[in-house]
Amino acid sequence: MIQSPGLVGESLILWRSTARACLARQLRPGEIAWDPAGSARLIFGDSIDPALESAGHLRVPRSFIALASSIACHSSDARWSLLYELLWRLNNGEPHLLRVASNPLVVRLTAMHRSVRRASHKMKAFVRFQLVGGSDPPEYVAWFEPAHRVVERTAQFFADRFRSMRWSIFTPDACASWDLERLTIEPGIERHQAPASEDALESLWRTYYAGIFNPARLNRDAMRAEMPMRYWKNLPEARLISDLTRNAPARMATMIAQTLREPSPLPADLDALESPPAIEEVVEHAAWDTVYDPGWREARQRAEAVKFRAPQVFTLDRARILSGVAGWTDPTLLAPGVYYPDEATTPEARLRHYASEFPMVEVDATYYALPSLDTSARWVERTPSHFVFNIKAHSLMTGHPTNPARLPQWLKEDLPLRLRSASNVYSHHFSRESLDEVWRRFLSALAPLRESGKLGAIMLQYPRWFLPSRSAAADLKAARERLGDCPASVEVRHRDWLSERIAPRFFALLRDLRFAYVAVDAPQGMVSSVPPIMEVTNPAIAMFRFHGRRESTWETRNDEVAERYRYLYQRSQLDKWVPTIQRAAERAMTVHLTFNNNKWNYAIANALEMAEAMCLTVSELRGERSF
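Residues numbered from 1 in each chain as written. Predicted model: local features only at pLDDT ≥ 70, side-chain atom pairs only at ≥ 80, totals over all residues. Heavy atoms only, no water.

## Comments concerning the overall build of the chain
- Along its length, the chain carries 23 helices and 16 strands.
- Looking at the chain residue by residue over its 627 residues, the buried ones come to 48%.
- In the chain, the proportion of contacts linking residues at least 24 apart, taken out of those at least 6 apart, comes to 72%. (Helix = DSSP H or I, 4+ residues; strand = E, 2+ residues; numbered from the N terminus. Buried < 20%, exposed > 50% of the residue type's maximum accessible area, 1.4 Å probe, protein only. Contact = heavy atoms within 4.5 Å.)

## Regarding the pairing of strand β9 (residues 319-326)
- When you tally the buried positions in β9, you get seven out of eight residues, the bulk of the element.
- The pairing of β9 with strand β16 (residues 590-595) spans six bridges and is classified as parallel. Bridge pairing links Ser-323 to Leu-593 in β16.
- Inspection of the sheet shows β9 paired to strand β10 (residues 360-363) by three bridges, in the parallel sense. (Pairing = 2+ DSSP bridges.)

## Concerning the packing of aromatic side chains
- Scanning the entire structure with this criterion turns up 29 aromatic pairs.
- Relative to Phe-387, the ring of Tyr-354 has its centre 6.1 Å away and its plane inclined at 85 degrees; by these criteria the two rings are edge-to-face. In this pair, Tyr-354 is assigned in helix α13 (residues 347-357) and Phe-387 in the loop between α14 (373-381) and β11 (388-392), connecting sequence segments 33 residues apart. Neither Tyr-354 nor Phe-387 differs from the other in exposure class; each is buried.
- The interplanar angle of 20 degrees and the centroid separation of 5.5 Å between the aromatic rings of Phe-466 and Trp-497 together place this pair among those described as stacked. Taken as a pair, Phe-466 in the loop between β12 (455-461) and α18 (470-483) and Trp-497 in the loop between β13 (488-491) and α19 (503-512) lie far apart in primary sequence, 31 residues in all. Taken individually, Phe-466 and Trp-497 each receive the classification buried, so the pair is uniform in this respect.
- The rings of Trp-328, Tyr-354, Phe-358, Trp-379, Phe-387 and Phe-389 are connected pair by pair, giving a single aromatic cluster.
- The cationic tip of Lys-124 hangs over the ring face of Phe-157; the distance from NZ or CZ to the ring centre is 5.1 Å.
- A cation over a ring is seen here: Lys-392 above Tyr-367, with NZ or CZ 4.7 Å from the ring centre. (Phe/Tyr/Trp six-rings, centres within 6.5 Å; stacked < 30°, edge-to-face > 60°. Lys NZ or Arg CZ within 6 Å of the ring centre and 35° of its normal.)

## Points about unusual backbone geometry
- Phi at Arg-514 takes a positive value of approximately 60 degrees, unusual for a residue other than glycine.
- Looking at where Arg-514 falls in the secondary structure, it is placed in the loop between α19 and β14 (516-521).
- The phi dihedral of Trp-600 is positive, around 50 degrees, even though this residue is not glycine.
- Counting through the fold element by element, Trp-600 comes out in the loop between β16 and α23 (602-621).

## Digging into the sheet that holds strand β6 (residues 174-178)
- Read across the open sheet, the five strands follow the order β3-β4-β5-β6-β7; overall the sheet is mixed. Looking at which strands have only one partner, the edges of the open sheet turn out to be β3 (130-132) and β7 (183-187). Shown here is a sheet whose adjacent strand axes are inclined to one another by a mean of 25 degrees, direction ignored.
- Both β3 and strand β4 (residues 139-143) contribute to a ladder of three bridges, which runs antiparallel. Paired with Leu-131 across the two strands is Tyr-140, which belongs to β4. (Axes fitted to C-alpha atoms, helices over the stretch in contact; angles between N-to-C directions.)

## Here's the deal with helix α16 (residues 432-445)
- When the terminal C-alpha atoms of α16 are compared, their 20 Å separation across 14 residues agrees well with the 20 Å that a helix rising 1.5 Å per residue should span.
- Taken together, the buried positions of α16 are Ser-434, Leu-435, Glu-437, Val-438, Trp-439, Phe-442 and Ala-445.
- Those residues of α16 hidden inside the fold are in contact with α14, β11, α15 (409-412), α17 (447-452), β12 and α18. (Expected span 1.5 Å × (residues − 1).)

## Observations concerning the environment of Leu-483
- Relative to the helices and strands, Leu-483 is located in helix α18.
- Overall, Leu-483 belongs to the buried group, its relative accessible area being 4%.
- Spatially, the C-alpha atom of Leu-483 lies 8.7 Å from that of Arg-440, the residues being 43 residues apart in sequence.
- When near neighbours in sequence (up to four residues on either side) are disregarded, Leu-483 contacts Trp-439, Leu-443, Ile-458, Leu-460, Ala-488 and Phe-515.

Shown next as structure tokens:
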């Protein structure tokens, strides 16, 4: 247990009492000057005595208490004044201010809270104990220089983890000590006052660190992000980093040479394995392409056969026909020899290569993480003027489960604490203000695409539990209000939407809301099986998506996502869609054909074959001879 509230705790108690007195006198934030200890005085007057006045009963959100405890640990001299400004506004007409994630004050305090939490995490990671003296039981000490005053906040972690060890942690702000029974906090000291002596344990630790260092996974930027250089001077392993990183290329070359001399055998049938090896492990083997999934070789041959007969953009009944795939960076597509040339090793090179062969792509990454303005600008720069991006809406925008670990910190902070470590959360777990901000930031990030004319449509793909109902219609109307005049399309995954009774009303609603309906090719006979019907609900654009027809994995939840779509269409299956696409071209200005059977290069081959099939149709209508 801690004997006293500690230095930070005492300052927070003093600030709380003083802030209550200031509120009782209705003192505005600009009238008060706060000192680092948590006391205050008038800008042009005497100090404020918290014992003389009280603000009576105050009500603040529970989240304010946790935030104040965190901000109290921050090293900024402005921490108390910022907290008082927040407290003042919460009690003077803005009781829900903390829910407004975009408010400048909330943004600044949230950033300070994150910084404190990160400093606490770094303290847990980078404190290194040394054995000192010859006492019995042994005593261990550590010197640490945290970015903020987090000793009191973090000391209990060490007391729980090292309960049977006597230890002390010395910092410039505060010192924590554990004597096997009590945890005490005392004022900080200077570096030269801390006892220190290198012991055998420290030498052993450096030997262990050097032994586990993997040169094949060296990433200097990631290393500096996770182990900031401000902590290096107090880490025994830091003195090894320079030599380890300098020698990494030579060690990596030695490892590769040994691998080539002694290749590890692969089983004859990798599909029989419960856990197939990672792609990187497979491609190292000379015969990987013949044992893992031979279908990709057929797909490559078919793609090469039609590549030069499938023009990028062409017209049919004055409608532009664009064919492409859902995502150009699927891991299996990046495997050597599958699609990209050997020299296309960077994201820029891959996008440029893809855009040289296709006029359109669907961005799937935005479903998992909010896009950024910089990324959109790079996409514009790296693609031809005619190239088009269809952007998949974020999972929170369409009611899908969302992994909190992939959310930005400002949005994660809106979740209850019990849900921040959950595997999935849903839109109803967030405040209305935060969801509005998600939509706003999503659309703002796409500005470069809109301004350059490269935004095809935002695709709202709803889950299979999104059923026909008044609430569903209201959700579609709300989506249109948030999107404004931004082009968008809707894909549903429940068969009831296209039932004989519902379909006419559904299509009418999409027309009223200016949404393009997305026709799909997918496995049939299940709840999520939508009939392969096309209805043009927006004359600007008609959209088709081809998901493959792999029935065994279509509704499974535990399989790898790519396995659900591992399907290579036969040419005859694609040809049957040509009349439907032709009818859509009679009523829409643009037709998008997106292949989502994204396993290996299956989508690439089928997108090229569909483009060739539509080109042959154009030639036949014009009385031209195919070549």
